[in-house]
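Reading the structure
Okay, here's what each chain looks like letter by letter:
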Amino acid sequence: PELVTSLSAVMVEEIPNLSLGNVFGSNMFNMLVLVIIDIARTEGPLLMAVSPRHALPAAMGIGLMVVAALNIVSPVSWGTVKWIGTGSIIVLIGYFVGMYVLYQCEKRWKWQRDDTGIGFQCGIPLRCVACESKVDKNGKEEKEENKDDVEKIKDPVEAKYASMALKTAIILFAFWAAVTVGDGIWLASLGDDISTIEVSFRGSLVPLGATFVGSFFIAFATSLPEVVVSLGAVRLGAVDMAVGNGM
């Protein structure tokens, strides 16, 4: 929703302040989503129950936000490449570099887990009951699998949707994606109308403004799907998925 609404605000309504307000406001609201999840979970502190790996994408997101903010407040132009701002190019490069680093760290984590026989659930190291590593006299590693234990630790998300056909999943995804696109275009137009509403402030009438409307109303509306998805993930016991969605 954020992408479609922000693009519509720039390309259709021609209101860049509404677009950027939505982007930055959504990032702020996503942090509030973590609080909502923590309140709804009622099983202890949420951020202490998830994998510490979430800190890496969170730090990368902060870095990209800082670059964008500095570009906005800079008294000196950062220049352009064709029509694209240099700040946007830096953010783009930083995003792909960050994704590469995250991917490499994820691969390394999986390798360590498989090599040592240690599993990670909710950020707490646990003895892997599905595959226990043993080292023979020659230093070679043997793994024993127990099918009953595998069933016990089966991912609750996979268990819930295991019976759904691939065709059904694709149709549902396409339908709701189309609904999301339509809502995003409508929200941009609605935000434009709301931004012109005047309110009384210190004896005079002033418009709400595109920046405030984008950062508050539009950001709230476009982030509601993330709230629903995160709460659903918590209900299924997938707290790492919930926090990852918010991050």
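The notes below deal with the structure included here.

How each quantity is defined
- Residues numbered from 1 in each chain as written.
- Predicted model: local features only at pLDDT ≥ 70, side-chain atom pairs only at ≥ 80, totals over all residues.
- Heavy atoms only, no water.
- Axes fitted to C-alpha atoms, helices over the stretch in contact; angles between N-to-C directions.
- Helix = DSSP H or I, 4+ residues; strand = E, 2+ residues; numbered from the N terminus.
- Parallel < 35°, antiparallel > 145°, perpendicular 65-115°, else oblique.
- Left-handed = near helix turned anticlockwise from the far one by under 90°.
- Contact = heavy atoms within 4.5 Å.
- Nonpolar A, V, L, I, M, F, W, Y, C, P; charged D, E, K, R; others polar.
- 1 Å grid on protein atoms, 1.4 Å probe; cavity = no way out; pocket = protein on both sides within 12 Å on 5 of 7 lines; lining within 4 Å.
- Points joined across faces, edges and corners; volume = space filled by probe spheres on them.
- Phe/Tyr/Trp six-rings, centres within 6.5 Å; stacked < 30°, edge-to-face > 60°.
- Buried < 20%, exposed > 50% of the residue type's maximum accessible area, 1.4 Å probe, protein only.

**Examining the packing of helix H8 (residues 210–235) against helix H9 (residues 239–246)**
At a minimum axis separation of 7 Å, H8 and H9 run at an interaxial angle of 165°. In terms of axis orientation, H8 runs roughly antiparallel to H9. In this structure, H8 meets H9 at a crossing whose hand is left-handed. Contacts from Glu 226, Val 229, Ser 230, Ala 233 and Val 234 of H8 reach H9 at Val 239, Met 241, Ala 242, Asn 245 and Gly 246. Here the contact of H8 with H9 is composed, by residue class, of 6 nonpolar, 3 polar and 1 charged.

**As for the layout of surface pockets**
To find leftover empty space, one rolls a probe the size of a water molecule over the atoms. In this structure, the largest pocket occupies an estimated 1700 Å³ of space. Val 23, Asn 27, Leu 64, Met 65 and Val 91 are, among the 41 residues lining the largest pocket, the residues nearest its centre. Ranked by the residues each element gives to the lining of the largest pocket, the list is headed by helix H3 (residues 55–73), at 11 residues. Residue composition of the lining of the largest pocket, by class: 24 nonpolar, 13 polar and 4 charged.

**A few points about the packing of aromatic side chains**
Counted by the stated rule, this structure contains 6 aromatic pairs. Ring centres of Phe 212 and Phe 217 lie 5.9 Å apart, and the angle between their planes is 85°; on these two criteria the pair is classed as edge-to-face. Where Phe 216 meets Phe 217, the ring centres are 4.9 Å apart and the plane angle is 85°; that geometry is what we call edge-to-face. Since its relative accessible area comes to 49%, Phe 216 is described here as partly exposed. Exposure remark for Phe 217: the relative accessible area of 36% places this residue in the partly exposed category. Taken together, Phe 212, Phe 216 and Phe 217 form an aromatic cluster joined through their ring pairs.

Take it as geometry only, folks, not as evidence of what the structure does.
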